[in-house]
Amino acid sequence: QDTINKIAAGEVVERPSSVVKELVENSIDAGATAVSVTIAGGGTTQIRVTDNGTGFDRDDLDIAFQKNTTSKIRCAEDLMSVQSLGFRGEALSSIAAVSKLELITKTKNELIGTRYIIHGGVKQEEQEVGCPDGTTFVVNDLFYNTPVRRKFLKSAMTEAGYVNDVMERIALSNPNVSIKFTNNGKLIINTSGNGKLSDVVYGIYGREIAAELCEVNKTAGELSIHGLIAKPVIARGNRNFENYFLNGRYIKNPLISKAIEEAYRGYMMQNKYPFTALMLHIPNEMFDVNVHPAKLEVRFVEENKIFKAVYHAIKNALLGNDLVAESSADEKPLERENVPVSNTPIKKGLFEIFRGGKADKAVEENIKEENNLRKLQN
């Protein structure tokens with residue numbers, strides 16, 4: 001049984017970020033409006049996740065850490081209509097199998113909380129304790145009993161980076177939840193939970209991206225897409241900034257990535273990728289999320305319909321915004337006649353400056369020369 005538990009844990013708990021993802025998603029499923037995550041040693045030394053959700057009933061604690069036990073579904077048919085982020089019943093048993101875990105929890109109906117300790121899947125202690133409503137998980141010495149798994153982890157800094165990626169995505173997909181992430185005593189992420197996605201983007205990615213956002217809002221039958229995308233001026237050499245969420249769950253899907261990149265085609269250089277934070281809401285019967293242990297990949301029933309909806313949602317958002325960066329705040333409308341070359345704004349291009357007809361050849365050459373000089377100066 002011990003071997004079985006460790007094999008099962010390997011499918012769900014790949015690294016510290018996997019633990020953080022599962023525990024924070026459980027907190028959100030429990031109705032938490034504030035979640036705090038603290039890690040040390042990249043998450044291998046300690047992971048602490050605290051929330052103000054509903055908490056565990058004391059009678060359920062022994063059952064909760066058994067394999068394939070869940071409060072999210074009652075029968076197999078529920079898999080087609082599941083609304084929660086977690087539902088397989090694998091997370092708690094898998095995490096407990098490869099760590100020294102401590103749980104402190106209390107429901108609002110109980111006068112006193114419970115402290116529950118389990119090491120390597122074996123219960124050590126259970127006692128009453130004073131604590132606020134909600135749940136705190138403390139995961140110590142991850143992979144202490146599977147040293148081979150621990151040996152293949154990256155450095156503490158790299159593992160902390162993976163945790164940070166998870167927390168960023170959870171914050172983006174839950175702007176109505178206050179998310180706090182601390183690494184080795186340093187506050188990394190702190191969102192207000194005011195429901196404004198733009199504030200979350202500003203807090204995580206900074207002013208550069210927040211200043212170049214376009215709003216996306218499209219409904220196509222039962223499918224709705226909303227969120228924020230950045231103007232083409234924000235471009236990266238990889239897809240790390242392509243964030244999209246299906247019914248609140250972060251996923252990876254080549255179909256959606258292709259739709260995003262096709263919509264940006266013509267606006268962005270080749271091998272450059274945009275920033276997106278898209279929320280897709282689709283009826284559960286139109287996709288299957290139960291195809292990957294970490295629920296990262298999904299299958300769609302009508303792929304063509306999804307592709308078109310995402311493509312047109314982004315394309316319409318780009319067409320509805322001024323995608324040309326402003327060169328100065330006090331720029332005045334351009335008069336075609338008697339315009340000094342030195343004051344000619346460059347940003348709109350020659351085809352807009354001389355919209356009324358073919359530009360004078362000498363003036364056009366002067367503007368090209370001025371453009372080249374400015375490039376050299378920059």
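First, a word on what this report is: a plain description of the structure on this page.

What counts as what
- Residues numbered from 1 in each chain as written.
- Predicted model: local features only at pLDDT ≥ 70, side-chain atom pairs only at ≥ 80, totals over all residues.
- Heavy atoms only, no water.
- Helix = DSSP H or I, 4+ residues; strand = E, 2+ residues; numbered from the N terminus.
- Buried < 20%, exposed > 50% of the residue type's maximum accessible area, 1.4 Å probe, protein only.
- Pairing = 2+ DSSP bridges.
- Axes fitted to C-alpha atoms, helices over the stretch in contact; angles between N-to-C directions.
- Contact = heavy atoms within 4.5 Å.
- Core = buried A, V, L, I, M, F, W, Y, C linked by side-chain atoms within 4.5 Å.
- Parallel < 35°, antiparallel > 145°, perpendicular 65-115°, else oblique.
- Left-handed = near helix turned anticlockwise from the far one by under 90°.
- Phe/Tyr/Trp six-rings, centres within 6.5 Å; stacked < 30°, edge-to-face > 60°.
- Nonpolar A, V, L, I, M, F, W, Y, C, P; charged D, E, K, R; others polar.

## Details of the overall build of the chain
Okay, so step 1: In terms of helices and strands, the chain carries 12 helices and 15 strands.
Okay, so step 2: Counting every position in the chain, which comprises 378 residues, the buried fraction comes to 44%.

## Section: the sheet that holds strand β2 (residues 46-51)
Okay, so step 1: Strand order in this open sheet of eight strands is β5-β4-β3-β6-β2-β1-β7-β8, and the pairing throughout is mixed. Two strands close off the open sheet at either side, each with one partner strand: β5 (122-129) and β8 (186-190). Strand-to-strand, the axes of this sheet are offset by a mean angle of 10°, without reference to chain direction.
Okay, so step 2: Pairing between strand β3 (residues 100-106) and strand β4 (residues 113-119): six bridges, direction antiparallel. Across the sheet, the residue bridging to L101 is I118, located in β4.
Okay, so step 3: Contacts between helix α2 (residues 16-29) and the sheet are confined to β1 (34-40), β2 and β6 (134-140), with β2 contributing the most and set at about 10° to the helix.
Okay, so step 4: In this fold helix α6 (residues 156-173) packs onto β1, β7 (178-183) and β8, with an angle of close to 170° to the strand it touches most, β7.

## Things to note about the nonpolar core
Okay, so step 1: Grouped together as the largest cluster of nonpolar side chains are 57 residues, with contacts concentrated most on V24, V37, F65, M167, V201 and F275.
Okay, so step 2: At seven residues, the largest contribution of residues to this core is made by α6.
Okay, so step 3: In this structure F65 touches L92, S93, A96, L101, L103, Y116, I118 and F137, once residues within four positions along its chain are discounted.
Okay, so step 4: Listed in part, the 29 residues of the second largest apolar core include I229, L246, L255 and A309.

## Focus on helix α9 (residues 254-264)
Okay, so step 1: Among the 11 residues of α9, eight are classified as buried, and the element is accordingly described as predominantly covered.
Okay, so step 2: Along its buried surface, α9 packs onto β10 (223-230), β11 (242-246), β13 (276-281), β15 (299-300) and α10 (303-319).
Okay, so step 3: Backbone geometry just after α9 places G266 at a positive phi near 95°.

## Comments concerning the packing of α2 against α6
Okay, so step 1: Packing of α2 against α6 leaves a shortest axis separation of 8 Å and a crossing angle of 25°. Compared by their axis directions, α2 and α6 come out roughly parallel. Every pair of crossing elements has a handedness; the one defined by α2 and α6 is right-handed. Across the interface between the two elements, P16, S17, V20, K21, V24 and I28 of α2 pack against E159, Y162, V163, V166, M167 and I170 of α6.

## Section: the packing of aromatic side chains
For any pair of aromatic rings, geometry is given as the distance between the ring centres together with the angle between the planes.
Okay, so step 1: Evaluation of the coordinates by the stated rule reveals seven aromatic pairs.
Okay, so step 2: Consider the rings of Y205 and F275, whose centres lie 5.0 Å apart with planes at 70°: the pair is edge-to-face. Here Y205 is found in helix α7 (residues 197-205), whereas its partner F275 is found in the loop between α9 and β13, with 70 residues between them in sequence. Here Y205 matches F275 in class, with each residue buried.
Okay, so step 3: Where F307 meets Y311, the ring centres are 6.4 Å apart and the plane angle is 5°; that geometry is what we call stacked.

## Some remarks on the packing of α9 against α10
When two helices pack together, their arrangement is given by the angle between the helix axes and by the axis-to-axis distance.
Okay, so step 1: In contact at an axis separation of 8 Å, α9 and α10 are set at 35° when each is read in the N-to-C sense. For α9 against α10, the interelement crossing comes out right-handed. Together, L255, I256, K258, A259, I260, E262, A263 and Y264 of α9 and E303, I306, F307, V310, Y311, I314, K315 and L318 of α10 make up the contact between the two elements.
Okay, so step 2: Classifying every residue of the contact of α9 with α10 by side-chain character gives 12 nonpolar, no polar and four charged.

## Quick word on the side chain of T182
Okay, so step 1: When you line up the elements, T182 lands in strand β7.
Okay, so step 2: With relative accessibility at 11%, the residue T182 sits in the buried group.
Okay, so step 3: Residues in contact with T182, not counting those within four places in the same chain, are V37, T38, I39, L187 and I188.

## Digging into the pairing of β6
Okay, so step 1: Most of β6 sits out of view: six of its seven residues are buried.
Okay, so step 2: Two elements, β2 and β6, share six bridges in a ladder whose sense is antiparallel. Paired with R48 across the two strands is V138, which belongs to β6.
Okay, so step 3: Bridge count between β3 and β6: seven bridges; the pairing is antiparallel. Across the sheet, the residue bridging to K100 is N140, located in β6.

## What about the pairing of β2?
Okay, so step 1: Residues I47, V49 and D51 of β2 are buried on one face, while the alternating residues Q46, R48 and T50, pointing to the opposite face, are not.
Okay, so step 2: As paired strands, β1 and β2 are joined by six bridges and run antiparallel to one another. The residue of β2 that forms the bridge with S36 is T50.
Okay, so step 3: Counting the residues that bridge the hairpin from β1 to β2 gives five residues, and of these G41 lies at a positive phi of roughly 60°.

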